[in-house]
Amino acid sequence: MRNRLTRGTATLVGLVLAGTGLGAVSATPAAASSYDCPAGYFCGWSAEGAGGSMWKTSKSVADLGGWDDKIRSYVNRTKVIACVYEDKDYSPWGGYFPQDPNSPGELSSSPTATTSSIKFVRTERECSQKAYPRWYSETSPKAQGFGDMNGDRRADVLARDDVGRLWFTPGNGTGRLIGSGFNGMNTLTRHGDFSRDGHEDLIAREAATGKLWLYPGTGTGSLGSRRLLGSGGWNGMSKITAFGDLTGDARSDLLAVEKATGKLWLYPGTGTGKLGARKLIGSGGWNQHERPRGHRRRERQRPCRPLRPRGGHRQAVALPGHHGGQARRPQADRLRRLERHGELHRGRRLLRRRASRPRDGDQ
């Protein structure tokens, strides 16, 4: 059990922690030792309450060597999360604890020393998995012109994590970092080519200024240098959505709802990579509607469901891709196949029987 002590708590000399049988350390040694850890370091001590010898690191360590299973109290004075593992090589299977940055004088303590490796990460999910969501999609028979930023005919997803990093996941379970600082944006949307260079682009609204920015795609899953698409006033709009070609001119268009009036506006794409004069297409009441969904062709397409991962990622952007783009859910896929063949009820009974069948080793 980890017990967090602050300087104020430690001044209660001889206090017995309820339900643990552990005694709090006296004020003088706890405060003095914990403050010995310099900013930018993770520090561990061989005894509880920041007592005994001190060890420190500012880099991830896969094997603590002589300090393996020796740390009984520690403090994280870095600006990132420290994953404290009970196994070597950052293995999460034996157990780990994600330690947020500590304030001066704060301390975590345990009577049992179990720490074997330490890794510094930006988001908690990186203690046990990749920073990006795992996304899979099938390969389309032909290119569709949207939902595919690297031209491999797979529906891909852009995901923004809690620290504002932007990740590209191409649909094969992998991912890579393509941008940072996107927490300053309060809208992200993509559907088609706005810059007229043949590659799908990303549009973002800057929260502080209300400016609308175009991040042109490069055709490789990366983004080029941003360009100003709207000089201001876009904070007065909601449900900003890259829709595809609504005007029939083979150019991608943008939809937005005016917050004050509930009017729906169309911002047509142009041949110069900018937006044309807006046109009113909904006279009011659109504040009560959900965000519009991008246009999808009818060529055996299913909607691409953005993956919503646990922890670390708060938004998956994007969107309709090619035929079959989705996260893998074997039972749901099995039911859909049976439903298409008129065997849904038999399939549900089959899955229930399989779920109720005792597994090897069950009592």
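Everything numeric here is computed off the predicted structure, so don't read it as measured data. (Residues numbered from 1 in each chain as written. Predicted model: local features only at pLDDT ≥ 70, side-chain atom pairs only at ≥ 80, totals over all residues. Heavy atoms only, no water.)

(A) Molecular detail of the pattern of salt bridges. One pass over the full model with this rule turns up five salt bridges. Taking the shortest distance from any N to any O, the salt bridge between R190 and D156 comes out at 2.7 Å. Of this pair, R190 sits in the loop between β12 (185-189) and β13 (202-206) while D156 sits in the loop between β8 (117-121) and β9 (157-161), and the two are 34 residues apart along the sequence. In terms of burial, R190 and D156 fall into one category: buried. Between R165 and D161 there is a salt bridge; the shortest N-O distance is 2.7 Å. Each member of the pair R165 and D161 is classed as buried. The network of salt bridges with shared partners includes E126, D161 and R165. (Salt bridge = Lys/Arg side-chain N within 4 Å of Asp/Glu carboxyl O. Helix = DSSP H or I, 4+ residues; strand = E, 2+ residues; numbered from the N terminus. Buried < 20%, exposed > 50% of the residue type's maximum accessible area, 1.4 Å probe, protein only.)

(B) Structural detail: the state of the cysteines. Here the structure, examined in full by the defined rule, presents two disulfides. A disulfide bridge connects C37 with C43, and the sulfur atoms are separated by 2.1 Å. Because the torsion about its S-S bond is 85 degrees, the bridge between C37 and C43 counts as right-handed. Looking at C37, the relative accessible area reads 1%, which means it is buried. Through a disulfide, C83 is tied to C127; the S-S separation comes to 2.0 Å. Residues C83 and C127 are joined through a disulfide that is left-handed, its torsion about the S-S bond being -80 degrees. Taken together, the residues C83 in strand β5 (residues 81-85) and C127 in the loop between β8 and β9 connect sequence positions 44 residues apart. (Disulfide = S-S within 2.5 Å.)

(C) Main features of unusual backbone geometry. A positive phi angle, near 55 degrees, is found at D69, a position not held by glycine. By the element assignment, D69 lies in the loop between β3 (51-57) and β4 (73-76). Of the residues examined, D69 reaches a relative accessible area of 36% and is grouped as partly exposed. Positive phi is not limited to glycine here, since R153 has a value of about 65 degrees. Along the polypeptide, R153 turns up in the loop between β8 and β9.

(D) Structural view of the sheet that holds strand β15 (residues 227-230). The four strands are arranged β12-β13-β14-β15 in an open sheet whose pairing can be described as antiparallel. The two strands at the open ends of the sheet, each matched to only one other strand, are β12 and β15. Sheet twist, expressed as the average angle between the axes of neighbouring strands with direction ignored, equals 30 degrees. Where strand β14 (residues 212-215) lies against β15, three bridges are found, and the strand directions are antiparallel. Across the sheet, residue L212 finds its bridge partner in β15, namely G230. (Pairing = 2+ DSSP bridges. Axes fitted to C-alpha atoms, helices over the stretch in contact; angles between N-to-C directions.)

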